[in-house]
Amino acid sequence: MKTKLTSRIVATTLVTALAGIGLTLPAAGATGQAAKPTHDKTHSKTHSKSLQADVDAILKTGTVGVLAQSTGPRGSRYATAGVADKATGAAARSGDRFRIASASKTFVATVVLQLVGEGRLSLDDTVDHWLPGVVSGNGNDGSRITVRQLLQHTSGLFNYTADLPVLASVDEYQAGRYTTWTPEQLVGIATGHAPDFEPGAKWAYSNTNYILAGMIIQKVTGHSWEQQVTKRIIRPLGLRDTSAPTTDSRIPGRHLHGYSDFGKTGPTIDTTAFNPSAAGAAGAMIGTTADLTRFYQALLGGKLLRPAQLAEMKTTVRAADLDPVWPGARYGLGLLQVPLTCGGSYYSHAGDFPGYTTRNGVSPDGRRVVVLHATGDGASDLSTEQAQNDLIDGELCA
């Protein structure tokens, strides 16, 4: 969600592209690129120690707690560093839950594509077909935007989180963190602005797209996106530590606390408690590294989508706005595609919320998965992103 963390963003294009629940990147004054890993990819008996070293490197950039899980044909390895709770000093543990933020978008896109596979909607349906009149005014026209463009971030709709006061500063977060929002209110913030470009003209990240996707899921099925994600993904896969909350501000069970100063707008505060309705289908979910690993294995392994719909999800367009962090990035339907330094590419979806950062990488066949999570704002330049990219690239290239 867009906040006044603009002092931590690389450039104006990143403010627009990476803002908010989806991809807020800490990068004040940075001018270089973050995603050129320098990791030594030589596989050896010390590989598990290498994972721990990479986690320690992320912690040293200014994060509070770090979790990582790397899974492949030979099993899973875990590494942790830092603390889960600054107040108690409790150590971060591998099973701790956290806000996955925009990693939620891949779950939502999966449900939409399942409905496509069932013949209940089409990617070429317009928003107006399912939500007549919801996207209108100030040059916005839902009759010209398709479901595919929502999932692909090519709709041109204004990113509502760029005008959501609750994430603008420490004071505004404290004042509004427990407010309940409806999807219609969030879309209304977006349509209060002119669109950024004509539908299909280019790519630009907008959380508004997935709020609408969630609304379409409800219109098609008669049930909320949270219910559908739970029924279709969370329960069948046995994701016991994953949830899609509606308004509950707590993270249940053992969890990581988030910490942020919202771009130095005040003291660093504990951001853990938050009414997730402000994030909705764009980023409300909670999970763990193990559950995210199981989800990505099932998704890329072809267990959640029919071949035609998985192919649609993996069909990407260029996302040049992301180049400062992921050079050569492309975006599909709820999936980011990032080049590997050893050749080929991996799939991913980053997730950011003030005080929480989720990163991941999945091989095209789902057999190798890396999930990491860090709390705290991280570095004021791109060094935290660099360290996270090093870990993912190094594990997938080993």
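In this text the structure is predicted, and so the values were computed from the model without any measurement.

What counts and what doesn't
Residues numbered from 1 in each chain as written. Predicted model: local features only at pLDDT ≥ 70, side-chain atom pairs only at ≥ 80, totals over all residues. Heavy atoms only, no water. Helix = DSSP H or I, 4+ residues; strand = E, 2+ residues; numbered from the N terminus. Buried < 20%, exposed > 50% of the residue type's maximum accessible area, 1.4 Å probe, protein only. Polar contact = N/O pair within 3.5 Å; in protein donor to acceptor, adjacent residues only side chain to side chain. Phe/Tyr/Trp six-rings, centres within 6.5 Å; stacked < 30°, edge-to-face > 60°. Core = buried A, V, L, I, M, F, W, Y, C linked by side-chain atoms within 4.5 Å. Contact = heavy atoms within 4.5 Å. Pairing = 2+ DSSP bridges. Disulfide = S-S within 2.5 Å. Salt bridge = Lys/Arg side-chain N within 4 Å of Asp/Glu carboxyl O. Expected span 1.5 Å × (residues − 1). Axes fitted to C-alpha atoms, helices over the stretch in contact; angles between N-to-C directions. Left-handed = near helix turned anticlockwise from the far one by under 90°. Nonpolar A, V, L, I, M, F, W, Y, C, P; charged D, E, K, R; others polar. pLDDT = per-residue confidence, 0-100.

## Re the side chain of D323
Looking at the element boundaries, D323 is found in the loop between β10 (317-318) and β11 (330-331). The exposure class of D323 is buried, given its relative accessible area of 17%. One polar contact links D323 to R318, side chain to side chain, over a distance of 2.6 Å. A distance of 2.9 Å separates a polar side-chain atom of D323 from the backbone nitrogen of G328.

## Comments concerning the packing of aromatic side chains
Under the defined criterion, the tally for this structure stands at 8 aromatic pairs. Between Y173 and F262 the ring centres are 4.9 Å apart and the planes differ by 40°, which places this aromatic pair in the tilted class. A residue pair is termed long-range when its members are at least 10 positions apart, and Y173 in helix α7 (residues 170-176) and F262 in the loop between β7 (259-260) and β8 (269-270) qualify at 89 residues. Of the two residues, Y173 and F262, neither departs from the other in class, the shared state being buried.

## A closer look at the nonpolar core
Grouped together as the largest cluster of nonpolar side chains are 110 residues, with contacts concentrated most on F107, L121, L212, W225, F295, W326 and L391. Beyond its immediate sequence surroundings of up to four residues, L391 is in contact with L51, D54, V55, I58, A68, V370 and L372.

## Some thoughts on the pairing of strand β13 (residues 345-348)
Of the two faces of β13, the one holding S345 and Y347 and the one holding Y346 and S348 are both buried throughout. In terms of strand pairing, strand β12 (residues 336-339) meets β13 through 4 bridges, oriented antiparallel. Bridged to Q337 within β13 is Y347. The antiparallel hairpin formed by β12 and β13 contains 5 residues in its connecting segment, where G343 sits at a positive phi of about 105°.

## Notes on the state of the cysteines
Counting across every chain of the model gives 1 disulfide. Here C342 connects covalently by a disulfide to C397, the sulfurs 2.0 Å from one another. Here the disulfide of C342 and C397 is left-handed, its torsion about the S-S bond being about -85°. Taken together, the residues C342 in the loop between β12 and β13 and C397 in helix α13 (residues 383-397) connect sequence positions 55 residues apart.

## Considerations on unusual backbone geometry
For A101, which is not glycine, the phi dihedral falls at a positive 50°. Judged by its relative accessible area of 1%, A101 is buried.

## Considerations on the pattern of salt bridges
Counted under the stated rule, the structure contains 14 salt bridges. For D96, the salt bridge is made with R254, and the minimal N-O distance between the two is 2.9 Å. Of this pair, D96 sits in the loop between β3 (90-91) and β4 (98-99) while R254 is found in the loop between α10 (225-234) and β7, placing the two residues 158 residues apart along the sequence. Under the relative-accessibility criterion, D96 is labelled buried at 1%. By relative accessible area, which is 39% here, R254 ends up partly exposed. Taking the shortest distance from any N to any O, the salt bridge between D352 and R359 comes out at 2.8 Å. Summarising the burial analysis for this pair, D352 and R359 share the class buried. Here the salt bridges share partners, and the residues they tie into one network are R93, D96 and R254.

## As for helix α4 (residues 104-117)
With 14 residues, α4 ought to run about 20 Å at 1.5 Å a step, and its terminal C-alpha atoms sit 20 Å apart, in line with that. Counting buried positions over the 14 residues of α4 gives 14, a clear majority of the element. At the exit of α4 stands G119, carrying a positive phi of roughly 75°.

## Concerning the side chain of T61
Mapped onto the secondary structure, T61 falls in the loop between α3 (47-60) and β1 (65-72). Note on T61: relative accessible area 17%, which makes it buried. A distance of 2.8 Å separates the side chain of T61 from the side chain of T384, its partner in a polar contact. Leave out the neighbours within four places in its chain, and T61 touches G378, A379, S383, T384 and A387.

## Digging into the packing of α4 against helix α9 (residues 208-221)
Orientation of α4 relative to α9, taken along the N-to-C sense of each, is 35°, at an axis distance of 10 Å. Helix-helix and strand crossings are classified by hand; for α4 and α9 the assignment is left-handed. Residues K105, V108, A109, V111, V112 and L115 of α4 touch α9, and the partners they reach there are Y210, A213, I217, V220 and T221. Its residues placed into classes, the contact of α4 with α9 shows 9 nonpolar, 1 polar and 1 charged.

## As for the confidence of the model for the protein
Looking at the protein as a whole, the pLDDT averages 90, with 88% of positions reaching at least 70. For the protein, the element scoring lowest by mean pLDDT is helix α1 (residues 12-17), at 32; helix α6 (residues 147-152) scores highest, at 99. Segment residues 1-21 is flagged for pLDDT under 50; beyond a separation of four residues in sequence, or across chains, it makes 90 contacts in the model.

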